[in-house]
Amino acid sequence: PGGDLFAMVWDPLQRELVGLNASGRSPAALSLADLREGLQGRANIPARGRWTLTTPGAVAGWAALHQRFGRLPWPQLFAPAIAVAKDGFAVGARTSLWWARAAREIAQDPELGGALQGFNTTFLRAGAAPLAGQSMINPGLARTFEAIAEHGVSGFYTGEIAAALVRTVSAAGGYLTVADLNAARAAWVTPLHTDFRGFRVHVLPPNGQGLSVLQMLNILQEFPAQSDPHSPAWWHRFLEAKKLVFADRARYYADPDFARMPIAQLLDPAYTAARAALIDPTRARADQTPGDVRVPASDTTYLTVADATGQMVSLIQSLFVPFGSALVVPEFGFALQSRGSGFALAAGHPNAYAPGKRPFHTIIPGFVTEAQTPYFSFGAIGGDMQPQAQVQILARVLEFGCDVRSAGVLPRIRHSGGLSPNGVQEASLGVACYETHLPGAVVAALVRRGHQLQPISDPVSGFVGGYQGIMRDPATGAYWGASDHRLDGCALGC
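Residues numbered from 1 in each chain as written. Predicted model: local features only at pLDDT ≥ 70, side-chain atom pairs only at ≥ 80, totals over all residues. Heavy atoms only, no water.

1. Details of the side chain of Q215
To be explicit about the condition: Here a strand is any run of E in DSSP of at least two residues, a helix any run of H or I of at least four, and the numbering for each starts at the N terminus. N or O atoms within 3.5 Å of each other form a polar contact, as long as, within protein, one can give a hydrogen and the other can take it, and as long as residues adjacent in sequence are counted only when both atoms are side-chain atoms. The contact definition used throughout considers only heavy atoms, calling two residues in contact when any of these lie within 4.5 Å.
You can see Q215 is positioned in helix α10 (residues 210-220). Within polar-contact distance, the side chain of Q215 engages the side chain of Y253 at 2.6 Å. Residues contacting Q215, with those up to four places away along its chain left out, are V245, D248, Y253, L266, L267 and Y271.

2. Regarding unusual backbone geometry
Our working rule: Any residue under 20% of the maximum accessible area for its type is buried, any over 50% is exposed, and the rest in between are partly exposed; the area is computed with a 1.4 Å probe on protein chains only.
Even without glycine at this site, F323 takes up a positive phi of about 65 degrees. Following the sequence through the fold, F323 ends up in the loop between β9 (312-318) and β10 (328-329). With a relative accessible area of 8%, F323 lands in the buried category. The residue A371 is not glycine, and still its phi comes out positive at about 50 degrees.

3. Considerations on the side chain of S23
With respect to the helices and strands, S23 occurs in the loop between β2 (16-22) and α1 (32-38). Classification of S23 as buried rests on a relative accessible area of 4%. For S23, the side chain forms a polar contact with the side chain of N21, separated by 2.6 Å. A polar contact is formed between the side chain of S23 and the side chain of N207, at a distance of 3.4 Å. If we skip the residues at most four places from it in the chain, S23 touches D4, L5, F6, N207, R358 and H361.

4. Here we look at the environment of Q209
Structurally, the position occupied by Q209 is in the loop between β7 (199-203) and α10. Overall, the relative accessible area of 0% leaves Q209 in the buried class. C-alpha of Q209 to C-alpha of G24: the two residues are 185 residues apart in sequence and 16 Å apart in space. Not counting residues within four places of it along the chain, the set of residues in contact with Q209 comprises F246, R249, Y253, F360, H361, T362, I364, G383, D384, Q386 and P387.

5. Describing the sheet that holds β2
How we decide: A pair of strands is treated as paired once DSSP finds two or more bridges between them. Simply put, an axis is a line fit to the C-alpha atoms, just over the touching stretch for a helix, and the angle between two N-to-C directions goes from 0 to 180 degrees.
As summarised here, the arrangement of the five strands in space is β5-β2-β1-β9-β8, forming an open sheet in which the pairing is antiparallel. Edge strands, defined here as strands with exactly one partner in the open sheet, are β5 (187-189) and β8 (301-306). This sheet shows a mean twist of 15 degrees between the axes of neighbouring strands, independent of strand direction. Relative to β9, β8 runs antiparallel, the two being bridged by six bridges. Residue L303 lies in a different strand from β9, and its bridge partner there is L315. The strands touched by helix α2 (residues 58-69) within the sheet are β1 (4-11), β2, β5 and β9, with β1 carrying the most contacts at an inclination of about 15 degrees.

6. A word on the sheet that holds strand β6 (residues 192-196)
Spatially, six strands are ordered β6-β7-β12-β13-β17-β18 in an open sheet, and the strand pairing comes out antiparallel. Each of the sheet's edge strands pairs with one partner strand only, and the pair in question is β6 and β18 (479-483). Strand-to-strand twist in this sheet, taken as the mean axis angle between neighbours without regard to direction, amounts to 20 degrees. Note that β7 and strand β12 (residues 365-370) share three bridges and pair antiparallel. If you follow V201 over to β12, its bridge partner there is V368. Where α10 meets the sheet, it contacts β6 and β7, and its direction lies at approximately 20 degrees from that of β6. Of the strands in this sheet, β6, β7, β12, β13 (373-381) and β17 (466-472) are in contact with helix α14 (residues 385-399), which crosses β13 at around 145 degrees.

Note that all results are geometric; they support no functional claim without further evidence.
Below, the structure is given as structure tokens:
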């Protein structure tokens, strides 16, 4: 409940795909000048702590989805979660690794100071992260869900939960107020799309990064289709397309309420062709410069579900880094997100911090249609890896002909480097980290082209995204589901 949410829903009655942006805004009482003064000359907003807070939007998103599409009574939706929070759940093996790593980072984070007590009492047992298989309870979170179940969104954004949330923030020196919470709203938005290999791929418009998926697909489509998922030429084009698109992402992506987004220009075929022409088929590119377009004047969870009526939902929710800001409302069992660290501090940048503004977001729900019918609802968690994982999954399904499961089993590459929308700068050429079941011939071919490759030895520090998807058979209407072996998810039909 302390995070944000984005979703796309295929409405079988109206035969249309609709989008929901339930991301929260920055505190109205904190200006860019005050933020920069508080950060004492630091170039970026830290990953955790009081400066990263934005209003949680997820609960408003739940309510908007239920009001438009819900069939069950609102209180009934929360009963299973309340039971799990009270009675406990067994921590998964992958989850325990992430939990332990996050606990170590939070304990050593100088931004948190005396704000650790809420985290320690809520999310640690005997001072340590839970082990795989250990049972965890969270009675405070059960209280939160009980209040929301009884009172709706007002049970979260007003009353005792809101008061406790603001007390937690104030004690840490933060700026979120009850007025910020009262102003929380989810917004229905029209998804963006592009056509790729005979299918239509849909994403939500900024302030998220879904547009980068469309830009990468457009560049890749400038080249002949491939049939081999281990083609070195395809991997080279993918890495080069990623670098070009992420340069645009760093320069142009922001909250459209505060910045005029050049979406049409970034998706324009002529612009795409010009960017694709920059890819040298024999050599990796170190220069990551955004394209020249004219701006018009004027801790993540992904799930997808489908039912017998044909309704399909692609939903993603996040606190950003594990446990978000690490500021926890202990009596109600939840942490507050750290999405504010996605803002830039440079005045004049489209993504620069401003009061009441939505930060650049990494979370992307994905959806594919074919001939105006639903085909593939999917997503992949992992911050900056999300668009990279989505493009790799989409290419395997739509270009290479993989089924929904094998598309997730095949090896992935994660590229890091260049400039980010929050102003963080990494080496221009960057490093491409690869899973070790990537064929050695592919690795050698990419090294010959000048890429800097590094094998992944730790599945946590070298995370390549957690994918889940449901594919609809256009002939029979049957659903095929898949869940990534890299996380503790599952594909379940009933």
